[in-house]
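# Topology and contacts: notes
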Amino acid sequence: MFPEYDVIVIGAGHAGCEAASAAAKLGSRTLLITMNMNTIAQMSCNPAMGGVAKGQIVREIDALGGLSGIVTDKTMIQFRMLNRSKGAAMWSPRAQSDRMRFAEEWRMQLEAIPNLDFWQEMATGIIVKDGRVCGVRTGMGMEIMGKSVVLTNGTFLNGVIHIGEKQFGGGRAAERASTGITEQLIELGFEAGRMKTGTPPRIDGRSLNYSRMEEQAGDEIPGKFSYSDTTTPLLKQRSCYITYTNQAVHEVLKEGFEKSPMFTGRIQGLGPRYCPSVEDKINRFADKDRHQIFVEPEGWDTVEIYVNGFSTSLPEDIQYKAIRLIPGFENAKMFRPGYAIEYDYFPPTQLKNTLETNLIENLYFAGQINGTTGYEEAGCQGLMAGINAHLKVREENPFILSRSEAYIGVLIDDLITKGTDEPYRMFTSRAEYRILLRQDNADIRLTEKGHQLGLATDTALARTKEKENDTAAIYSQFKQIKFSPEEVNGTLEAMGSAAIKEKATLYNLLKRPQVELDKLLSLKPDFQKAISGYHKEALEQAEIMVRYEDYIVKEQQLAERMMSIDNVNINPTFDYHKITALSKESREKLFKTKPSTLGEASRISGVTPSDISILMVYMSK
Amino acid sequence: MRTHFQSLTDVIVALATPPGVSALAVIRVSGTDAIAIVQQIWKGKALTEMAGNQFVFGRLVDENGIIDEVVAAIYRAPKSFTGDEMVELTTHGNMYVVERAMQALIKVGGRAAEAGEFTKRAFLNGKMDLSQAEAVADIIHADSAAAHQTAMNQLRGGISKELKVLRQELLDFAGLLELELDFSEEDVEFANRDRLTHLMRQILAVILQLAGTFKAGNAIKNGIAVVIAGKPNAGKSTLLNALLQEERAIVSEIAGTTRDVIEDELLIEGIRFRFIDTAGLRATTDTIEAIGVARSKEQMGKADVILYLFDASITTPEELAEEVGEWEELGKPIVLIANKYDLGTAGNYPEGTQFISAKNKEGIEPLKQLLLQKTIDQSVAADGVMITNIRHHEALQASGIALQKALQHIETQIGTELIAEEIREALYQLGLITGEVNNEELLGTIFSRFCIGK
């Protein structure tokens, strides 16, 4: 009934969809197995993509040729560039999505890929021969053969949903949990753990009084995620609203504490500290008398509302009573209560930098199974796992992104070298090359790589090259265009910047923090005119290059330095135990984590610089 | 966060001979640009144009002038100990010269070598048998353990405790800044710029103070102040002249001839000693001389070492004890010098008393050696300390620069991300001394203190 596939992807969430589309587009015969074809690319939690650091990831996915950016652009109902008040390196795109259309668009995108097959059933195990995966077993007892398998099970592995004292098996509200895979993997020698996450109640928007809330509208000039011209910015947008909890809400919530699965110890898994449930917030931060609530529409037309900031697993009657005390929610009707979900994950230190497992060849893990949280984090892992599964089957070199090339590189490197105890979310502070990894230059950083793989299109590459060349041209113009004191001093003064005594270049003036580029350009109408002929993002890019120059250069130097050990490979069979000069702790950590490079080894916590020196000595052998 | 490791392309600098006083010391400089880096502080025949295995005489200089007259041995890769381009500088064998030279090298782009680093490079460049890998690994391990121990010993003082406290505060602020960057959407407090400015200034002050505790570094900059004290006509000016080997001070037979504070410098094996001859001490009615006496008392307070000179032919041990008592209160190291011992002695003086005849220039050379020993003992306690000091010094300076930049950014109201960038750099550099800061620690400061997340 089935051919032998090159790549089988289990799970059709954000990771699974990116993995399947990447592998299939690259030419692998690919099968996507999902428990329910109607829930492909579900946004299980909030209907939004992007945000700080996460938005950068979506743009990276897009630059490489993944689909999350395009799907988001086509289905968003609001766009905001976060961190506008900070420097350009911090700008982060965020979209409010139409949940149903998002899922539909993903399915349409997948259906348009010729060599991608679908199968609806629960996968209950993998087939392993001689330490290598060679297929998948299903609930009906079918065996589907595949040269590689990507597991993207999300929260479904032995998922348990908690609402107050009630608990039941499930991978998502009203969806079955998946069983069998964890047990088999543990038997094969994998280490597994439990994690917890939660989601807020959904509310009937018709029952809310928005006049008691603050409106949060989208950007006046909205942007988008995809660098391509296949999508366009929004012409109209829907607003979100902000309201706050209060002491009365907190008091009611406290009534439910004794029935809270969080506090009674029924939930064992560790939840994310940065996405706490509302009961956690009032418990841990008792002195705070209110917490922010974002009221987010779930789509263009639906009345369903997502109550961001009110994640909870307290009993549903408590949820209902408490939420009605929030301004604007006095008459709120609930569609469904919030809940907490516990699920299995596999500590990601068991993975290689390709997301292939150390234990079983050609088996890849991506998404929440690796202990991450977030659609963006999942999507980019899926993309990387799909690409690498394809390359492995083709016996080609793996595709790795370094920490200085992409947030994706930071994410995977963090996962495999440090592991994670709580659901891992990306923050800009995790990136040591934050000034290099910007949302405005993901195309320049990655499109060529995506094109080499065969994922990014020729058009995308041409567009990127044009942007790069035009940026370079404008940059060199900046260094040539000069202002005389008479010409520019009035403008400088108006901007609060010191007057000049001698001629100064545009480049030098732009280095001054108070100076605004367009005010200078307005003094040079000819140049301004010439710029309009360039790529639309080139001017901004050139300005960023000048403003951040010192930091860009410094981070590039640090990155190059790091490359010197990131490029030293370690044989996976290397015997750390024989090196008595290493501390026992280091030996064990290295043995367990099996770093692929000396750079990875250096980032394992507890491994010291002198350990790395010692390893260098052995690596040279 | 940045991880710390030894790059193979850096130019590394280290003392190859044991620390402490010896006739000669050898500073090794190794790395691709080693010769070019030495050239930057070199006065003499151009090193960069020399072939390998050649020796040349010249001078090392820094912004304060000549450091020492040295011999440079040039080795071209791969024919060197490490297999890299290498220079060996043979200087005078004292730690002040060595450290000053090393600091100058670091300033122009070198880096203090870490434990076992030369051996490691030699091995990696194929200079050692592959079968020696294990031995090399053991050396690196042992050296780094020793270096760590030394660093720990040095960090026990109060000032380093203070540094740790301030580092924690800085970490908290770094957390606040990251909070602004990563959670700008949230309802959270922002880092108060005035408090941050205040904290960074505080840390800068401590860093400067810490850097100042590297006595050797100070000595290099200012020289060692030596005060020659003693009763009138004990022979102080004669001694100074004997040391300086020139008729610098006014010498006469009449007690109280020296009316001014005389200062002159003497290089003893490369260390700058500033000799301060003082007006003879005695109760006087002569006003000019009275001024001179007051000034010499003032000088005493600034001295690093006091040479107390007395006329052995007429001073009894009891008289000496009484005279010296006044000086002991200053808490400075005192060397007792029995002058005119050739004319006979008036009793048994305390142990360690040096016997000289300034007039006949007898006992001068041993006195110089004693002086050198005394000064160096104070600042260089144990083996390896100098190297560690230099590395700490390097890190302190780098974190100081980063903090200064962060302060500038706050002043010019540049984006938070650049302030955060400099603070991350400062934390990284401080981390090289106080222990590394990792991302989890930084994120931990955020999540433990702020209710964030939707």
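Cut-offs applied
Residues numbered from 1 in each chain as written. Chains lettered and ligands numbered in written order. Predicted model: local features only at pLDDT ≥ 70, side-chain atom pairs only at ≥ 80, totals over all residues. Heavy atoms only, no water. Helix = DSSP H or I, 4+ residues; strand = E, 2+ residues; numbered from the N terminus. Buried < 20%, exposed > 50% of the residue type's maximum accessible area, 1.4 Å probe, protein only. Contact = heavy atoms within 4.5 Å. Areas by Shrake-Rupley, 256 points an atom, 1.4 Å probe, with all protein chains shown as cover. Rg over C-alpha atoms; globule rule 2.2 N^0.38 Å. Buried area = accessible area lost by both parts, 1.4 Å probe. Salt bridge = Lys/Arg side-chain N within 4 Å of Asp/Glu carboxyl O. Polar contact = N/O pair within 3.5 Å; in protein donor to acceptor, adjacent residues only side chain to side chain. Phe/Tyr/Trp six-rings, centres within 6.5 Å; stacked < 30°, edge-to-face > 60°. Lys NZ or Arg CZ within 6 Å of the ring centre and 35° of its normal. Core = buried A, V, L, I, M, F, W, Y, C linked by side-chain atoms within 4.5 Å. Patch = residues over 30% accessible without salt bridge, like charges linked within 9 Å, V, L, I, M, F, W, Y side chains within 5 Å. Pairing = 2+ DSSP bridges. Axes fitted to C-alpha atoms, helices over the stretch in contact; angles between N-to-C directions. Disulfide = S-S within 2.5 Å.

## Let's talk about the overall build of chain B
- When you go through chain B residue by residue, the secondary structure sums to 14 helices and 13 strands.
- Out of the 454 residues belonging to chain B, those deemed buried represent 55%.
- Within chain B, residue pairs in contact and separated by at least 24 positions form 67% of the contacts whose partners lie at least 6 positions apart.
- Accessible surface computed for chain B: about 19500 Å², of which carbon and sulfur atoms make up 51%.

## Some details on the overall build of chain A
- A tally of regular secondary structure across chain A gives 21 helices and 22 strands.
- Since a compact globule built from 621 residues should have a radius of gyration of about 25 Å, the 26 Å found for chain A is in line with a globular shape.
- The principal-axis extent of the C-alpha atoms belonging to chain A is close to 80 × 70 × 50 Å.
- Buried positions account for 63% of the 621 residues belonging to chain A.
- Pairs at least 24 residues apart make up 73% of the contacts formed inside chain A by residues separated by at least 6 positions.
- Accessible area for chain A stands at about 23200 Å²; split by element, carbon and sulfur atoms hold 49% of it.

## Considerations on the side chain of R445 of chain A
- Structurally, the position occupied by R445 of chain A is in helix α11 (residues 442–453).
- Using a relative accessible area of 14% as the deciding quantity, one classes R445 of chain A as buried.

## Comments concerning the interface of chain B and chain A
- In this assembly, 53 residues from chain B lie in contact with 59 residues from chain A.
- For the pair chain B and chain A, the summed buried area comes to about 5100 Å², and 55% of that belongs to carbon and sulfur atoms.
- Linking chain B with chain A are three salt bridges.
- Between R561 of chain A and D10 of chain B there is a salt bridge, and its shortest N-O distance comes to 2.5 Å.
- Taken together, the connections running from chain B to chain A amount to 17 residue pairs in polar contact (both at pLDDT 80 or more).

## Topic: the packing of aromatic side chains
- Scanning the model with the defined rule gives 14 aromatic pairs over all chains in all.
- Plain terms: the ring middles of F574 of chain A and Y576 of chain A are 5.0 Å apart, the flat faces sit at 70° to each other, and that makes the pair edge-to-face.
- Given a relative accessible area of 3%, Y576 of chain A falls into the buried group.
- Following the ring pairs from residue to residue traces out a cluster consisting of F310, Y341, Y349 and F355 of chain B.
- Over the face of the ring belonging to Y244 of chain A we find R290 of chain A, whose NZ or CZ atom lies 3.5 Å from the ring centre.
- The ring of Y507 of chain A carries the charged tip of K479 of chain A above its face, separated from the ring centre by 4.7 Å.

## Comments concerning the environment of L31 of chain A
All names here are of chain A.
- Its place among the elements puts L31 in strand β2 (residues 30–34).
- Sequence separation between L31 and L151 is 120 residues; the distance between their C-alpha atoms is 12 Å.
- Not counting residues up to four positions away in its chain, the partners in contact with L31 are Y5, V7, I8, V9, D117, F118, W119 and I144.

## Re the pattern of salt bridges
Residue and element names in this part refer to chain A.
- The final tally for this structure, using the stated rule, is 57 salt bridges over all chains.
- Taking the shortest distance from any N to any O, the salt bridge between R94 and E296 comes out at 3.1 Å. Of this pair, R94 sits in strand β5 (residues 92–97) while E296 sits in strand β16 (residues 292–297), and the two are 202 residues apart along the sequence.
- For E296, a relative accessible area of 2% gives the class buried.

## Notes on the nonpolar core
- Among the nonpolar cores identified, the biggest contains 132 residues, and L363 and L615 of chain A are the most heavily contacted of them.
- Sort the elements by how many residues they give to this core and helix α9 (residues 375–393) of chain A lands first, with nine residues.
- What L363 of chain A contacts, discounting residues up to four positions off in sequence, is I126, V133, V149, L151, L185, F190, L355, E356 and T357 of chain A.
- Among the nonpolar cores identified, the runner-up in size contains 38 residues, and L210, A395, I410 and I423 of chain B belong to it.

## Description of a nonpolar patch on the surface
- Together, F55, F57 and V71 of chain B give the surface a local cluster of nonpolar side chains, amounting to about 330 Å² of exposed area.
- Within the element layout of this structure, V71 of chain B appears in strand β5 (residues 65–75).

## Points about the sheet that holds strand β4 (residues 76–82) of chain A
Residue and element names in this part refer to chain A.
- If you walk across this open sheet you meet the three strands as β3-β5-β4, and the pairing is antiparallel. Sheet topology places β3 (48–50) and β4 at the edges, where each strand pairs with a single neighbour. In this sheet, neighbouring strand axes are inclined to one another by 20° on average, regardless of whether the strands run parallel or antiparallel.
- Bridging between β3 and β5 involves three bridges; their strand directions are antiparallel. By the bridge assignment, A48 is partnered in β5 with Q96.

## Comments concerning the environment of P200 of chain A
Residue and element names in this part refer to chain A.
- Mapped onto the fold, P200 is located in the loop between β12 (193–199) and β13 (202–204).
- Judged by relative accessible area, P200 falls into the buried class, the value being 2%.
- In this structure the C-alpha to C-alpha distance between P200 and L453, which are 253 residues apart in sequence, comes to 40 Å.
- Excluding residues that lie within four positions of it along the chain, P200 makes contacts with Y306, V307, F310, S311, T312, P337 and G338.

## A word on the pairing of β5 of chain A
Residue and element names in this part refer to chain A.
- Counting buried positions over the six residues of β5 gives six, a clear majority of the element.
- On β5, burial covers both faces: S92, R94 and Q96 on one face and P93, A95 and S97 on the other are all buried.
- Summarising the sheet, β4 and β5 pair through six bridges and their orientation is antiparallel. By the bridge assignment for β5, F79 is matched with A95.

## Observations regarding the state of the cysteines
Residue and element names in this part refer to chain A.
- What the rule picks out here adds up to zero disulfides over all chains.
- Free cysteine C240: the closest other cysteine sulfur is in C45, separated by 14 Å.
- Among the residues examined, C240 registers a relative accessible area of 2% and is labelled buried.

## Topic: the sheet that holds strand β14 (residues 214–216) of chain A
All names here are of chain A.
- With antiparallel pairing, six strands are arranged side by side in an open sheet as β14-β15-β16-β17-β13-β18. At either end of the open sheet lies a strand with only one pairing partner, and these are β14 and β18 (334–336). Across this sheet, the average inter-strand angle for adjacent strands is 35°, counted without regard to direction.
- For strand β15 (residues 240–244) and β16, the ladder comprises four bridges, and the chain directions are antiparallel. Each bridged residue has a counterpart across the sheet, and for T243 the counterpart in β16 is I293.

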